[in-house]
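Below are the chains, spelled out letter by letter.
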Amino acid sequence: MQKILIVEDDSDIQELLENHLIGAGYSVVSASDGVEALSHFSQHAIDLVLLDIMLPKIDGYGVCELIRKQSQVPI
């Protein structure tokens with residue numbers, strides 16, 4: 001099963017995405033800030049990252065840059 005990392009600080013949007021993706025058969029891991037996203041990314045085998053830009057702690061550009069240093073996973 002493919003695993004998707006959702007990085008979204010708006011809980012309503014995060015929940016909506018989770019529900020649709022789980023319903024479509026994907027495994028989902030969610031984070032509400034950049035630090036949590038990087039932690040989840042290092043702990044799980046992620047196949048796709050859905051990444052918000054405006055995030056607390058580390059913005060989406062910073063998260064993308066750090067993920068790119070270690071992986072070519074689609075973002």
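Anything mentioned here points back to the structure above.
Read on for an overview of the structure. Model, not experiment: these values are computed from the prediction. Think of each chain on its own: its residues are numbered from 1, step by step along the sequence as written. Residue-level local features of this predicted model are given only where pLDDT is at least 70; pairs of side-chain atoms are given and counted only at 80 or more, and the full residue set underlies all totals for whole chains, interfaces and linings. Where side-chain values are given, they derive from all heavy atoms of the structure, hydrogens and water being excluded.

## What to know about the sheet that holds strand β2 (residues 27-31)
Item 1. Paired strands are those between which DSSP finds at least two bridges. Only DSSP runs of H or I covering at least 4 residues are called helices, and only runs of E covering at least 2 are called strands; the numbering of each starts at the N terminus. With parallel pairing, three strands are arranged side by side in an open sheet as β2-β1-β3. On the outer flanks of this sheet lie β2 and β3 (48-51), each paired with one strand and no other. Direction aside, neighbouring strands of the sheet carry axes that sit 20° apart on average.
Item 2. Bridge count for strand β1 (residues 3-7) against β2 is five bridges, and the pairing is parallel. In the strand pairing of β2, Val 7 is matched with Ala 31. Between N-to-C directions, angles cover 0 to 180 degrees, with each direction set by a line fitted to C-alpha atoms, over the stretch in contact for helices.

## Overview of helix α1 (residues 11-23)
Item 1. Relative to the 18 Å expected for 13 residues at 1.5 Å per residue, α1 spans 18 Å between its end C-alpha atoms, a close match to the ideal helical length.
Item 2. Downstream of α1 by one or two residues, Gly 25 has phi in the positive range, about 100°. By definition here, a helix of n residues has an expected span of 1.5 Å times n minus one.

## Some remarks on the nonpolar core
Item 1. Nine residue types can take part in a nonpolar core, namely buried Ala, Val, Leu, Ile, Met, Phe, Trp, Tyr and Cys, and a core is a set of them joined through side-chain atoms within 4.5 Å. Burial classes follow relative accessibility: with a 1.4 Å probe on protein chains only, a residue under 20% of its type's maximum area counts as buried, one over 50% as exposed, and anything between as partly exposed. Formed by 14 residues in total, the largest nonpolar core has its most connected members in Leu 5, Val 7, Phe 41, Val 49, Leu 51, Val 63 and Ile 67.
Item 2. If you list the elements that add at least two residues to this core, you get β1, β2, α2 (34-43), β3 and α3 (60-68).
Item 3. A per-element tally of this core places α2 first, with three residues.
Item 4. Residue contacts are defined here by distance: any two heavy atoms, one from each residue, within 4.5 Å place the two residues in contact. Setting aside residues no more than four positions away along its own chain, Leu 51 makes contact with Val 7, Gly 60, Val 63, Cys 64 and Ile 75.

## Looking at a negative patch on the surface
Item 1. A patch consists of residues whose relative accessible area exceeds 30% and which take part in no salt bridge; residues with like charges are grouped when within 9 Å of each other, and nonpolar side chains (Val, Leu, Ile, Met, Phe, Trp, Tyr) when within 5 Å. Surface accessibility in these figures is a Shrake-Rupley result with a 1.4 Å probe; residues are shielded only by whichever protein chains are displayed. Take a side-chain nitrogen of Lys or Arg and a carboxyl oxygen of Asp or Glu: if they are within 4 Å of each other, that pair is a salt bridge. This count recognises Lys and Arg as positive and Asp and Glu as negative, with His and chain-terminal groups excluded. For this purpose, a charge sits on NZ of Lys, CZ of Arg, CG of Asp or CD of Glu. Taken together, Asp 9, Asp 10, Asp 12 and Glu 15 make up a surface patch of like negative charges.
Item 2. Looking at where Asp 10 falls in the secondary structure, it is placed in the loop between β1 and α1.
Item 3. The class for Asp 10 is partly exposed, based on a relative accessible area of 33%.

## A closer look at a nonpolar patch on the surface
Item 1. On the surface, Ile 53, Met 54 and Tyr 61 cluster together into a nonpolar patch covering about 360 Å² of accessible area.
Item 2. Tracing the backbone through its elements, the reader meets Ile 53 in the loop between β3 and α3.

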